[in-house]
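# Structural overview
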Amino acid sequence: GTNFHLLKYSRKSVFEEMVNIGKTAKSFKVEEDLMLYHVAANTIIKVPKSKKDFQAETVNFSSRITTYLESHKNFSPKKESDMMELVAALNK
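Residues numbered from 1 in each chain as written. Predicted model: local features only at pLDDT ≥ 70, side-chain atom pairs only at ≥ 80, totals over all residues. Heavy atoms only, no water.

## Topic: the sheet that holds strand β3 (residues 43-46)
We count it as follows: Any two strands between which DSSP finds at least two bridges are classified as paired. Numbered from the N terminus, helices here are DSSP runs of H or I no shorter than four residues, and strands are runs of E no shorter than two. Fitted lines through C-alpha atoms give the axes, limited to the stretch in contact for helices. The angle between two N-to-C directions lies from 0 to 180 degrees.
Ordered in space as β1-β2-β3, the 3 strands form an open sheet in which the pairing is antiparallel. The sheet is open, and its two edges are formed by β1 (4-20) and β3, each paired on a single side. Taken pair by pair, the neighbouring strands of this sheet meet at an average axis angle of 30 degrees, ignoring direction.

## Quick word on the packing of helix α2 (residues 63-71) against helix α3 (residues 80-90)
Where we set the bar: An angle below 35 degrees is read as roughly parallel, one above 145 as roughly antiparallel, one from 65 to 115 as roughly perpendicular, and any other as oblique. Should the near helix be turned counterclockwise from the far one by less than a right angle, the crossing is left-handed, whereas a clockwise turn marks it as right-handed. The contact definition used throughout considers only heavy atoms, calling two residues in contact when any of these lie within 4.5 Å. Side-chain classes follow a simple rule in which Ala, Val, Leu, Ile, Met, Phe, Trp, Tyr, Cys and Pro form the nonpolar group, Asp, Glu, Lys and Arg form the charged group, and the remainder, Gly included, forms the polar group.
For the pair α2 and α3, the least separation of the axes is 11 Å and the interaxial angle reads 125 degrees. Between α2 and α3, the angle falls in the class oblique. Remark: the crossing between α2 and α3 carries right-handed chirality. Only Glu 85, Leu 86, Ala 89 and Leu 90 of α3 make contact with α2, whose side of the interface consists of Arg 64, Ile 65 and Tyr 68. When the residues that make up the contact of α2 with α3 are grouped by side-chain class, the tally is 5 nonpolar, no polar and 2 charged.

## Points about unusual backbone geometry
If you check the backbone angles, Asn 42 has positive phi at about 55 degrees while not being a glycine. By secondary structure assignment, the location of Asn 42 is in the loop between β2 (23-38) and β3.

## Some points on the environment of Ser 13
Quick reminder of the rule: The cut-offs for exposure are 20% and 50% of the maximum accessible area for each residue type, with area from a 1.4 Å probe on protein chains only; residues under the lower value are buried, those over the upper are exposed, and the others partly exposed.
Among the secondary structure elements, Ser 13 is positioned in strand β1. For Ser 13, a relative accessible area of 26% puts it in the partly exposed group. When the C-alpha positions of Ser 13 and Asn 91 are compared, they lie 34 Å apart, and in sequence the two are 78 residues distant. Once you skip the residues sitting within four places of it in the chain, Ser 13 turns out to touch Ser 27, Phe 28 and Lys 29.

## So, the pairing of β3
For β2 and β3, the ladder comprises 4 bridges, and the chain directions are antiparallel. Paired with Tyr 37 across the two strands is Ile 44, which belongs to β3. Remark: 4 residues form the turn of the hairpin made by β2 and β3, two consecutive strands paired antiparallel; Asn 42 in that turn has positive phi of roughly 55 degrees.

So this is what it looks like as structure tokens:
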């Protein structure tokens, strides 16, 4: 969008675990973080997993986010779909 962008950062880690003596098994761990980029301010924040932390983090980021959160009580920053709706609303 023109005002805000939702960014997704993914990383994959490979671990080797010993199953038996002389035998190892590989396991993979995928981690994803969402980030919110404010174009006009040229700032980026990592989106916290809880709504309370998200509200605290975005107070100085944009007043429009606070307004959106007050009108959408079921918003969860854990859900990528909710974050996409937020960014779409902020870019209108």
